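Given next are the chains, with one letter for each unit.
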Amino acid sequence: MSTRDSGSRPMRWWDIDQVVAMERELFPDDPWSSEQFWGELAHVPETRWYVVHEDDIGIDGYVGLFAVPPEGDVQTIAVATRAQGSGLGRALLGDLVDEARRRGCTQLLLEVREDNSSALALYARAGFERQGHRRDYYGPGRDALILRRRLAGDGDNS
Ligand SMILES: CC(C)(COP(=O)(O)OP(=O)(O)OC[C@H]1O[C@@H](n2cnc3c(N)ncnc32)[C@H](O)[C@@H]1OP(=O)(O)O)[C@@H](O)C(=O)NCCC(=O)NCCS
């Protein structure tokens with residue numbers, strides 16, 4: 001599935017303020033800073049791919065890929081509270097999978113907080129499986145799970 005075509009486009013530097021505001025709301029414990037997004041966008045398109053989705057109000061979702069084939073990493077994915085639960089996260093993740101495949105990645109990895117149930121459900125539905133566990137990855141008492149999805153030849157981008 002491709003993200004609602006009308007609303008999806010590459011992330012640009014002028015989006016960073018809006019995206020960082022969303023980071024602070026959606027990741028209150030460890031939001032990415034403007035500098036981190038500037039750093040990521042500096043590597044587009046060589047090793048990075050970042051897309052935002054917009055509705056009438058503004059940016060309501062974004063996703064980022066780090067790709068050094070044969071491996072890709074889901075750097076970030078977020079959907080504004082107002083748009084959650086409507087399939088946007090799944091669509092953005094599907095677009096990221098398509099892009100990773102186009103770049104020759106045969107597997108995707110990501111870290112997710114062990115207690116982030118909505119993200120874990122999203123990833124499970126998209127075929128990611130648990131590969132490891134990192135204690136205190138996000139700070140004391142905040143563990144991460146490492147998830148992986150093989151891409152080679154499975155022919156499914158959902
Ligand atoms: C995780 C997140 C990106 C999901 O985006 P979304 O647009 O709400 O998700 P979707 O509507 O596309 O749902 C896709 C699947 O995710 C799961 N899911 C999403 N939200 C869920 C929730 N609150 N509870 C349980 N499952 C949920 C469902 O399994 C759903 O599949 P289904 O509709 O077939 O049941 C969004 O909740 C978010 O931005 N959260 C805050 C930021 C974050 O945690 N990002 C991930 C960092 S690793």
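Right above here is the structure, for reference.
Now for a look at the structure at hand. As the structure is a prediction and not an experimental result, all values here were calculated from the model. (Residues numbered from 1 in each chain as written. Predicted model: local features only at pLDDT ≥ 70, side-chain atom pairs only at ≥ 80, totals over all residues.)

### Things to note about the overall build of the chain
- Scanning the chain from N- to C-terminus turns up four helices and seven strands.
- The N-to-C order of helical and strand elements in the chain reads β-α-α-β-β-β-α-β-α-β-β.
- Each of the three principal axes of the chain carries a C-alpha extent, and together these read 40 × 35 × 30 Å. (Helix = DSSP H or I, 4+ residues; strand = E, 2+ residues; numbered from the N terminus.)

### A short note on the site of the ligand
- In the region of the ligand, 19 residues are neighbours, and Q84, G89, R90, A121 and L122 sit closest.
- When contributions to the shell around the ligand are tallied by element, the ones reaching two or more residues are β4 (71-79), α3 (88-102) and α4 (117-125).
- If one sorts the elements of the shell around the ligand by residue count, α4 sits on top with six residues. (Near = placed C-beta within 6 Å.)

### Comments concerning α3
- Compared with the 21 Å implied by 1.5 Å per residue over 15 residues, the 21 Å span of α3 between its first and last C-alpha is a close match.
- Those residues of α3 that fall on the buried side of the exposure criterion are L88, G89, A91, L92, L93, D95, L96, V97, A100 and R101.
- In this structure, the buried residues of α3 make contact with β1 (8-10), β2 (48-54), β3 (59-68), β4, β5 (107-113) and α4. (Expected span 1.5 Å × (residues − 1). Buried ≥ 20, exposed ≤ 12 C-beta atoms within 10 Å, placed from the backbone. Contact = placed C-beta atoms within 7 Å.)

### Thoughts on the packing of helix α1 (residues 16-26) against helix α2 (residues 34-41)
- Contact pair α1 / α2: the axes reach a minimum separation of 9 Å and the direction vectors enclose 125 degrees. Taken together, α1 and α2 sit at an angle that is classed as oblique. In this structure, α1 crosses over α2, and the sense of that crossing is right-handed. Mapping the contact onto sequence places I16, V19 and V20 in α1 and S34, F37 and W38 in α2.
- For the contact of α1 with α2, the residue count by class is five nonpolar, one polar and no charged. (Axes fitted to C-alpha atoms, helices over the stretch in contact; angles between N-to-C directions. Parallel < 35°, antiparallel > 145°, perpendicular 65-115°, else oblique. Left-handed = near helix turned anticlockwise from the far one by under 90°. Nonpolar A, V, L, I, M, F, W, Y, C, P; charged D, E, K, R; others polar.)

### Thoughts on the environment of L41
- In this structure, L41 sits in helix α2.
- A sequence separation of 25 residues divides L41 from I16, and the C-alpha atoms of the two residues are 9.7 Å apart.

### With respect to the environment of S8
- When you line up the elements, S8 lands in strand β1.
- For S8, a count of 19 C-beta atoms within 10 Å gives the class partly exposed.

### A look at the sheet that holds β1
- Taking strand neighbours across the sheet as the criterion, the seven strands line up as β1-β2-β3-β4-β5-β7-β6 in an open arrangement whose pairing is mixed. Strands at the two margins of the open sheet, each flanked by one partner only, are β1 and β6 (129-134). Each neighbouring strand pair of the sheet contributes to a mean axis angle of 25 degrees, computed without reference to strand direction.
- Two strands pair when backbone bridges link them, and β3 and β4 are joined in this way by eight bridges, in the antiparallel orientation. Along β4, the bridge assignment pairs V68 with E71.
- Against the sheet, α3 engages β1, β2, β3, β4 and β5, with an angle of about 25 degrees to β3. (Pairing = 2+ DSSP bridges.)

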